[in-house]
Amino acid sequence: MLSIFSKFKNSISNIGIYMLASLIPMAINLLINPLVALNMEPVDYAIVGYYNSFNGLLAPLITFYVFSYYTKRYFEVQEADRIILKSTILKSLVYFSALLAVISFISLYLYMTLFNKGSEMPFLPYAFLSVFSLPLTGVITLRLIDFKMEKKSQSYFKLSVSQGVLLAALTLLLVVAFKYGAVGKMSATFVAALSVFIYTFYKEYDAFKKDFDWKIFKTMLLFVWPMIIGAMLHFFTNGYDRVYLERLGDKNELGYYVVAGQVVGYIGVFSSAVSSTFQPDVYKAVVTRKWKNASKYIGLILASTAFFVLIFVLLAPFAIDLLTAGRYTYSAKYARILAFSQLTSIMYFVTTEITIVLGYTVMSLISKIIGVLFTIFLYSILISQFQFVGAAWGQVLSFLLMMLINLMFLIVWHTYKNKKTLVN
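Residues numbered from 1 in each chain as written. Predicted model: local features only at pLDDT ≥ 70, side-chain atom pairs only at ≥ 80, totals over all residues. Heavy atoms only, no water.

### Structural notes on the packing of aromatic side chains
The relative placement of two aromatic rings is captured by the distance of their centres and the angle of their planes. Our working definition: Ring geometry is summarised as follows: Phe, Tyr and Trp rings, the Trp one being its six-membered ring, pair when their centres sit within 6.5 Å, and such pairs are stacked at plane angles under 30 degrees, edge-to-face over 60 and tilted between the two. Distance and angle both matter: a charge sits over a ring if NZ of Lys or CZ of Arg is within 6 Å of the ring centre and within 35 degrees of the ring normal.
With the rule as written, the count across this model stands at 40 aromatic pairs. Members of the aromatic cluster, each reached through a chain of ring pairs, are Y50, Y51, F54, Y111, Y126, F235, F236, Y240, Y244 and Y379. If you follow K91 out to its NZ or CZ, it ends over the ring of F208, 5.8 Å from the centre. The ring of Y297 has K296 lying over it, and the distance from NZ or CZ to the ring centre is 5.0 Å.

Take a look at the structure:
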């Protein structure tokens, strides 16, 4: 046992450091949350939640999933070519992302003025702060990926935690001390991202000065475009509900709904940790077609997530009371429903990952598009009939619906392939 521990000591230590890099900012956020809740009105939460809901649609477009291509190519190229690759991606994340952010901002303005004229939601400065925070994150994420690839866990920890601490400090200053509400909350996110971007850009400037390779850029876009579309479609399972609810004109109730969603998000931290632990085992079992083993690991993931969800449902009023200093306990009625979306979302993402591992990437995208169309229809019925409660159930059922559609496609296509193989 000692020899095994000694052999994997560095790996175990690195995993611990990466986990702490995520847990420490989350813990800080939990600690300051009651103070933030005391200084933000439901309308403030409604504004922040509304504009942040567009991030699921715009973030994949603005950063164009470049990181998946970088990690794929990192060990496939020599160091000299890797420098050119990194320089091309860095320049793309600065110039191309900025251009896409401007286009996204204009598109959002046109949506608010042409298609959502009756909205009481203020546009400036909230839309600006929300949209232009997104391109600032690209260079930071690339540097964090570099630290991971180079196994510089200490450097990764320092940058990740520093960013979290800076965001918490600015939130306390602008929301709690200066009482700027939604403007303060969104300004804290923007200023923190801008500050870390400037620092990171300075550190990466030598790589940035290298040549830009148009051939690499074109190859990268061809590789990532299906993933960009797929990621953008997730807006309709997590974000579309708030955009739809805003049209009801009740910003106070929307604020309570947003708070419920934020608190429920903490369940996702635990379920993601469990999912990440067993993910390699699921992939291996699927690739080797050992379906019993795959079912076992998937069952462990779902059972663990279900456990966290049920505990939260039982303790929701107490947890929200504690995290919001007693101001938003009313949100528990929505949080208890939304908690089940954590379970259905894991069910959906597991089936999607299996589909991709089997190599059916195009089929996965087609099933996702069809699922989104059904999801929009589902939300329109539930929200028109049950308003905010309907939206909460819509989020739960949308993941379930998309999972069933994906499974149907997977079973039909897999059966068709097997029959075709037998005939041949």
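### Regarding the packing of helix α3 (residues 42-53) against helix α10 (residues 181-203)
Stated formally: Each axis is a line fitted through C-alpha atoms, taken for helices only over the stretch in contact, and angles between the N-to-C directions span 0 to 180 degrees. Put simply, DSSP H or I for four residues or longer makes a helix, DSSP E for two residues or longer makes a strand, and each gets a number counted from the N terminus. In this scheme, roughly parallel covers angles under 35 degrees and roughly antiparallel covers those over 145, while 65 to 115 is roughly perpendicular and the rest are oblique. In this scheme the crossing of two helices becomes right-handed for a clockwise turn of the near helix relative to the far one and left-handed for an anticlockwise turn of less than a right angle. Contacts are residue-level and defined by heavy atoms, with any inter-residue pair within 4.5 Å sufficient. Gly is put with the polar residues, along with every residue not named as nonpolar or charged; the nonpolar set is Ala, Val, Leu, Ile, Met, Phe, Trp, Tyr, Cys and Pro, and the charged set is Asp, Glu, Lys and Arg.
Between α3 and α10, the shortest axis-to-axis distance is 8 Å and the interhelical angle comes to 40 degrees. On the basis of their axis angle, the class for α3 and α10 is oblique. Note on packing geometry: the crossing formed by α3 with α10 is right-handed. For the pair α3 and α10, contact is made by D44, I47, V48, Y51 and N52 and by G181, A182, K185 and M186, respectively. Its residues assigned to classes, the contact of α3 with α10 shows five nonpolar, two polar and two charged.

### As for the pattern of salt bridges
The line we're drawing: Criterion for a salt bridge: a side-chain nitrogen of Lys or Arg within 4 Å of a carboxyl oxygen of Asp or Glu. Each residue's exposure class comes from its accessible area (1.4 Å probe, protein chains only) as a fraction of the maximum for that residue type: buried when under 20%, exposed when over 50%, partly exposed otherwise.
One pass over the structure, following the stated rule, counts seven salt bridges. For E204, the salt bridge goes to K86, with nearest N and O atoms at 2.9 Å. Pair noted here: E204 is in the loop between α10 and α11 (205-208) and K86 is in helix α6 (residues 79-115), with a separation of 118 residues, a long-range link. Take E204 and K86: they sit in the same class, and that class is buried. The closest approach of N and O atoms between K209 and D206, which form a salt bridge, is 3.7 Å. Under the relative-accessibility criterion, K209 is labelled exposed at 53%.

### Quick word on the environment of L23
One can find L23 in helix α2 (residues 9-38). With 259 residues separating them along the chain, L23 and V282 place their C-alpha atoms 25 Å apart.

### Focus on the side chain of E246
Rules: Only four residue types enter the charge count: Lys and Arg as positive, Asp and Glu as negative, with His and the chain ends excluded.
One can find E246 in helix α13 (residues 240-246). No salt bridge forms around the buried E246; measuring N to O, its nearest opposite-charge neighbour R247 is 5.4 Å away. Apart from the residues within four sequence positions on either side, E246 is in contact with Y50, N116, S119, E120, M121 and L254.

### Brief notes about the confidence of the model for the protein chain
Applicable threshold: pLDDT measures how confident the predictor is about each residue, on a scale from 0 to 100.
Summing up the model confidence of the protein chain, the mean pLDDT is 88 and the portion of residues at 70 or higher is 92%. Within the protein chain, no element has a lower average pLDDT than helix α1 (residues 2-7), which sits at 50, and none a higher one than helix α7 (residues 126-131), at 97.

### Regarding the packing of helix α8 (residues 137-149) against α10
Direction vectors running N to C along α8 and α10 enclose 55 degrees, while the axes themselves pass 8 Å from each other. When the axis of α8 is compared with that of α10, the two are oblique. Considering how the two elements wind past one another, α8 and α10 form a crossing that is left-handed. For the pair α8 and α10, contact is made by V139, I140 and R143 and by A193, V196, F197, T200, F201 and K203, respectively. A per-class count over the contact of α8 with α10 returns six nonpolar, one polar and two charged.

### Overview of a nonpolar patch on the surface
Test applied: By definition, no residue in a patch forms a salt bridge, and every one has over 30% relative accessible area; like charges are joined within 9 Å, nonpolar side chains (Val, Leu, Ile, Met, Phe, Trp, Tyr) within 5 Å. Residue exposure ignores everything except the shown protein chains as possible cover, and the areas themselves are Shrake-Rupley values with a 1.4 Å probe.
A cluster of nonpolar residues, V102, I106, Y109, L110, L114 and F115, forms a patch on the protein surface that exposes about 590 Å² of accessible area. Note that L110 resides in helix α6.

### As for unusual backbone geometry
Of the consecutive residues L124 and P125, the connecting peptide bond is found in the cis state with omega at 0 degrees. Phi at K179 is positive, roughly 60 degrees, even though this residue is not glycine. Secondary-structure assignment places K179 in the loop between α9 (153-177) and α10. Relative accessible area serves as the criterion here: at 55%, K179 is assigned to the exposed category.

### As for the environment of I337
In this structure, I337 sits in helix α16 (residues 332-357). Each C-alpha atom of the pair I337 and A391 lies 9.7 Å from the other, and the pair is 54 residues apart in sequence. Sequence-distant contacts of I337, defined by excluding residues within four places in its chain, comprise V389, A392, W393 and V396.

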